[in-house]
Amino acid sequence: MKQFFMYGSFLFLFSTLVFSAKAQDGGDYKRGIGLRAGGGYYDVIAASFKTFITTPGAIELNLGFRPNTYYSSVNQFHLSFSAAYQHHFPIGAVEGLKWFVGGGLTAYNTFSSNKDYSGFGLGLFPTGGVDYKFGNIPLNVSADFRPTIAIVRPDYYGSGFYNYSRFYAGNVGASVRYTF
């Protein structure tokens, strides 16, 4: 299943690159699509789509997954969807380099070989980071920090064991996107 998501993501990205030949000039772009690699509990790799709704304001959407094995008998797979609003500010005289702040929501579901370790989770996160659009190629890179606060989390096995604590500070990520 995870190979299906990886191949599907790469096929979608390749199709977008082939059929969208017009790149943005300078350091600004309207939208971008690519991949986000992160250290989050609910995703390690995600398809990333970012679109600007105003000159400084953007919406970023991520569809991600994370395979996991906690015990030798329990195989888990996390599937997640995240949405965030980001407000961008220029950094000095470097064209295309901006920092951003914002916030968002993530929803994930854990699928497991043992039904006692499956469940739905929901979290809120503030976000901040840097975003750079290359001037002469249609490429954008960004790095972000998303400390996540759990609103809903699975109570695995009814024992009070939580894989996802109320606060998860380790959610950092880097994205690479084709801009159009």
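Because the structure is predicted, anything quoted here is derived from the model rather than measured. (Residues numbered from 1 in each chain as written. Predicted model: local features only at pLDDT ≥ 70, side-chain atom pairs only at ≥ 80, totals over all residues. Heavy atoms only, no water.)

Helix and strand content of the chain: 1 helix and 10 strands. In the chain, the succession of helices and strands from N to C terminus is α-β-β-β-β-β-β-β-β-β-β. Taking all 180 residues of the chain together, 38% fall into the buried category. Nonlocal contacts in the chain, meaning residues at least 24 apart in sequence, comprise 56% of its contacts between residues at least 6 apart. With an accessible surface of roughly 9200 Å², the chain has 69% of that area assigned to carbon and sulfur atoms. (Helix = DSSP H or I, 4+ residues; strand = E, 2+ residues; numbered from the N terminus. Buried < 20%, exposed > 50% of the residue type's maximum accessible area, 1.4 Å probe, protein only. Contact = heavy atoms within 4.5 Å. Areas by Shrake-Rupley, 256 points an atom, 1.4 Å probe, with all protein chains shown as cover.)

Before going further, it helps to spend a moment on the pattern of salt bridges. The tally for this structure, following the rule as stated, stands at 6 salt bridges. The shortest N-O distance in the salt bridge between Asp28 and Lys98 comes to 2.9 Å. Of this pair, Asp28 sits in the loop between α1 (2-19) and β1 (31-38) while Lys98 sits in strand β5 (residues 97-112), and the two are 70 residues apart along the sequence. Overall, the relative accessible area of 16% leaves Lys98 in the buried class. For the salt bridge of Arg146 with Glu60, the shortest nitrogen-to-oxygen distance reads 3.5 Å. Taken together, the positions of Arg146 in the loop between β7 (139-145) and β8 (148-152) and Glu60 in strand β3 (residues 57-71) put the pair 86 residues apart, joining distant regions of the chain. Both residues of the pair, Arg146 and Glu60, count as buried. The network of salt bridges with common partners includes Arg36, Glu60, Asp144, Arg146 and Arg177. (Salt bridge = Lys/Arg side-chain N within 4 Å of Asp/Glu carboxyl O.)

Now for the confidence of the model for the chain. Residues at a pLDDT of 70 or more form 76% of the chain, whose mean pLDDT is 81. Scored below 50 in pLDDT, residues 9-26 shows 28 contacts in the model against residues more than four places distant or in partner chains. (pLDDT = per-residue confidence, 0-100.)

Turning our eyes to something else, we now look at the packing of aromatic side chains. Taken as a whole and assessed by the stated rule, the structure comprises 6 aromatic pairs. With a centroid separation of 5.2 Å and 90° between ring planes, the pair formed by Tyr29 and Phe52 is classed as edge-to-face. On the criterion of sequence distance, the pair formed by Tyr29 in the loop between α1 and β1 and Phe52 in strand β2 (residues 45-52) is long-range, its members being 23 residues apart. For the pair Tyr29 and Phe52, a shared accessibility class is recorded, and that class is buried. For the pair Phe89 and Trp99, a centre-to-centre distance of 4.6 Å together with 25° between the ring planes defines the contact as stacked. (Phe/Tyr/Trp six-rings, centres within 6.5 Å; stacked < 30°, edge-to-face > 60°.)

On to the pairing of β7. Sheet faces and side chains relate simply in a regular strand, where the side chains alternate between the two faces. Residues Asn140, Ser142 and Asp144 of β7 are buried on one face, while the alternating residues Leu139, Val141, Ala143 and Phe145, pointing to the opposite face, are not. Pairing between strand β6 (residues 119-133) and β7: 6 bridges, direction antiparallel. Opposite Tyr132, over in β7, you have Val141 as the bridge partner. Where β6 folds back on β7, the antiparallel hairpin that results is connected by 5 residues. (Pairing = 2+ DSSP bridges.)

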